[in-house]
Amino acid sequence: MGSAGSGLGSVGSVLLGRAARAVTKLRGGGGSAFPGLVVEKVDPKFLARTLHRLPRGVIVVSGTNGKTTTTKMVVELLQGQGLKVFTNSSGSNFTRGVVASILGEVRLDGRLDADIAVLELDEAHAVHFVKAVQPHHSLLLNVMRDQLDRFGEIDTTAGLLRTIAEHTQQGVVLNREDPRVRSIAHSLRDQQVDYFGLSEALRSHFPSDDDFRSGPSAAADHPSADVVLEALTEGGGRFTLDGESVTTALTVNGAYNTFNAAAALAVVRQTLGETVDSAALIDSLAKVSPAFGRGESLTVQGRSLDLVLVKNPSGFRLGLSSFAPAGVATMIAINDNYADGRDMSWLWDVEFASLAEERVRMISGVRAYDMALRLKYDGVDFDAVEPDLRTALETFLADNPDQPARIFCTYTAMLALRKLLGAYTEVEAF
């Protein structure tokens, strides 16, 4: 099938993209984004043309924290409702990464075997995406001080999310507890607006960036929410869905992922409307496995090892409060590569006193000594500092053979550690 504005047409674009992917893999690359870049250059309308054919359109998930886990939840909840779902599971949340993911599944005629697409998109790149492909629904999670050397001040990031919402055709789901996200509703006219939120008792447990300085805003300022996380339970949470209380266990770890579950429930409920099967929705939620590198629990040398991704003060604080330190050997790995954000000064906004009783067994990564200094100021002892991740992991595992283990790590440190852990146990391929 040809198309206006494309010299190649769908068949040519798909073949060219697949050829680029094959060449990239032969040269030793992962090939996740380059084929998408090639197709974007030669056929700029390929993305819009392909996604516009989906009968239920596109859901965009964006925000500073939680995109990957929440996207995976939304995908599996929709699949539990009997829908075929396309998603950018390669983990590349730029537009060229979406194109590359499409190339792996699209037929030669340019059609995807899917009812709906759920796409995790980086805030800045989502702005370009939504101008080309207006999503039917968008889910906007939060605005945190994260990678400011890439996106500038948090008001700039909030503006990017506002643009996403304004280009959404049908419905927008907003985080009621984040004042910058909540205020996006004032810019919207025709879209349905729904919220996910927290009970009053939990607000102090999930601070927004502003809350670090002024404390949680009053409940009177908040609109009603379609889905509310009422309480954290042992291994799960209690949610209120449209006034009905539901308690469920979750396979994903961490309080922050329980709040992500509320976000996923809200956008699926908005997307499906009255046709949603609520019982199947909760059943699917309980079965969602952790996303790549987000709260994964591995078995290494006969003991459990949790990987906890940390990117900013809120995420690290929630990670520390979500997992009891007692009886666990803890390692911290901090890198400052581009994907982590270069500015690590946010570590001084995190309180580490909860680690003092058990101490930290190993500190590693490019910024290991910065992390060690930070722990000293909070009175937290540590056994060793080793910037090299391979040596650090080997020592950490050898010196703590009989205890469950936990590693708090930034993004690129997590990637490297997962690769190294592949020598010890089966690790899901990325």
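If you're wondering where the values come from, they're calculated on a predicted model, not measured in any experiment.

(A) Spotlight on the nonpolar core. By size, the foremost hydrophobic cluster in this structure holds 64 residues, and its most contacted members are Leu78 and Phe316. Ranked by residue count, the leading element in this core is helix α11 (residues 255-272), at twelve residues. If sequence neighbours within four positions are ignored, Phe316 has contacts with Val310, Ile332, Ile334, Trp346, Leu347, Val350, Phe352 and Phe408. Residues Phe46, Leu121, Val143 and Val172 belong to the second largest nonpolar core, which totals 38 residues.

(B) Geometry of helix α13 (residues 313-322). The buried fraction of α13 amounts to seven of the ten residues, a majority that puts the element mostly inside the structure. Turning to α13, its buried residues number three or more, namely Pro313, Ser314, Gly315, Phe316, Leu318, Gly319 and Leu320.

(C) Representation of helix α5 (residues 95-103) within the structure. Within α5, eight of the nine residues are buried, leaving the element largely enclosed by the surrounding structure. Here α5 has its buried residues at Thr95, Gly97, Val98, Val99, Ala100, Ser101, Ile102 and Leu103.

(D) Representation of the sheet that holds strand β12 (residues 329-333) within the structure. Here six strands make up an open sheet; going across it, the order is β10-β11-β15-β12-β13-β14 and the pairing mixed. The two strands at the open ends of the sheet, each matched to only one other strand, are β10 (296-300) and β14 (385-386). Of the strands in this sheet, β12, β13 (362-364) and β14 are in contact with helix α14 (residues 368-377), which crosses β13 at around 135°.

(E) Representation of the layout of surface pockets within the structure. Of the pockets and cavities examined, the second largest pocket occupies roughly 290 Å³. Along its surface, the second largest pocket is lined by 15 residues, and Thr233, Gly235, Gly236, Gly254 and Ser322 are the ones closest to its centre. Of all elements in the fold, only β7 (227-233), α11 and α13 reach the threshold of two or more residues within the lining of the second largest pocket. Here the lining of the second largest pocket is composed, by residue class, of five nonpolar, nine polar and one charged.

(F) Inspection of the pairing of strand β1 (residues 58-62) at higher detail. Counting buried residues along β1, five of its five residues qualify, which places the element largely inside the surrounding structure. Burial along β1 is two-sided: Val58, Val60 and Ser62 and Ile59 and Val61, pointing in opposite directions, are all buried. Examined bridge by bridge, β1 and strand β3 (residues 116-120) share four bridges and lie parallel to one another. Within the sheet, the bridge partner assigned to Ile59 lies in β3 and is Val118. Note that β1 and strand β4 (residues 137-140) share four bridges and pair parallel. Pairing of Ser62 across the sheet is with Leu140, part of β4.

(G) Region of the structure containing the pattern of salt bridges. Across all of its chains, the model carries 16 salt bridges by this definition. Residue Arg203 pairs with Glu200 through a salt bridge whose shortest N-O separation is 2.4 Å. Note on Arg203: relative accessible area 7%, which makes it buried. Linked through salt bridges whose partners overlap, the residues forming this network are Arg176, Glu177, Glu200 and Arg203.

(H) Seen up close, a nonpolar patch on the surface. Where nonpolar side chains cluster on the molecular surface, the patch consists of Val11, Leu15 and Leu108 and spans about 230 Å² of accessible area. Within the secondary structure layout, Leu108 lies in the loop between α5 and β3.

(I) The arrangement of the packing of aromatic side chains in detail. Inspection of the entire model under this criterion finds six aromatic pairs. Relative to Trp346, the ring of Phe316 has its centre 6.3 Å away and its plane inclined at 55°; by these criteria the two rings are tilted. One end of the pair, Phe316, is in helix α13; the other, Trp346, is in the loop between β12 and β13, with 30 residues separating them in the sequence. Grouping residues by exposure puts Phe316 and Trp346 together as buried. Residues Phe316 and Phe352 carry aromatic rings whose centres are separated by 5.0 Å and whose planes lie at 90° to one another, so their mutual orientation is edge-to-face. Here the residue Phe316 occupies a position in helix α13, and Phe352 occupies one in the loop between β12 and β13, the gap between them amounting to 36 residues. Neither residue differs from the other here; Phe316 and Phe352 are each classed as buried.

Reading the values: rules and limits
- Residues numbered from 1 in each chain as written.
- Predicted model: local features only at pLDDT ≥ 70, side-chain atom pairs only at ≥ 80, totals over all residues.
- Heavy atoms only, no water.
- Core = buried A, V, L, I, M, F, W, Y, C linked by side-chain atoms within 4.5 Å.
- Buried < 20%, exposed > 50% of the residue type's maximum accessible area, 1.4 Å probe, protein only.
- Helix = DSSP H or I, 4+ residues; strand = E, 2+ residues; numbered from the N terminus.
- Contact = heavy atoms within 4.5 Å.
- Pairing = 2+ DSSP bridges.
- Axes fitted to C-alpha atoms, helices over the stretch in contact; angles between N-to-C directions.
- 1 Å grid on protein atoms, 1.4 Å probe; cavity = no way out; pocket = protein on both sides within 12 Å on 5 of 7 lines; lining within 4 Å.
- Points joined across faces, edges and corners; volume = space filled by probe spheres on them.
- Nonpolar A, V, L, I, M, F, W, Y, C, P; charged D, E, K, R; others polar.
- Salt bridge = Lys/Arg side-chain N within 4 Å of Asp/Glu carboxyl O.
- Patch = residues over 30% accessible without salt bridge, like charges linked within 9 Å, V, L, I, M, F, W, Y side chains within 5 Å.
- Areas by Shrake-Rupley, 256 points an atom, 1.4 Å probe, with all protein chains shown as cover.
- Phe/Tyr/Trp six-rings, centres within 6.5 Å; stacked < 30°, edge-to-face > 60°.

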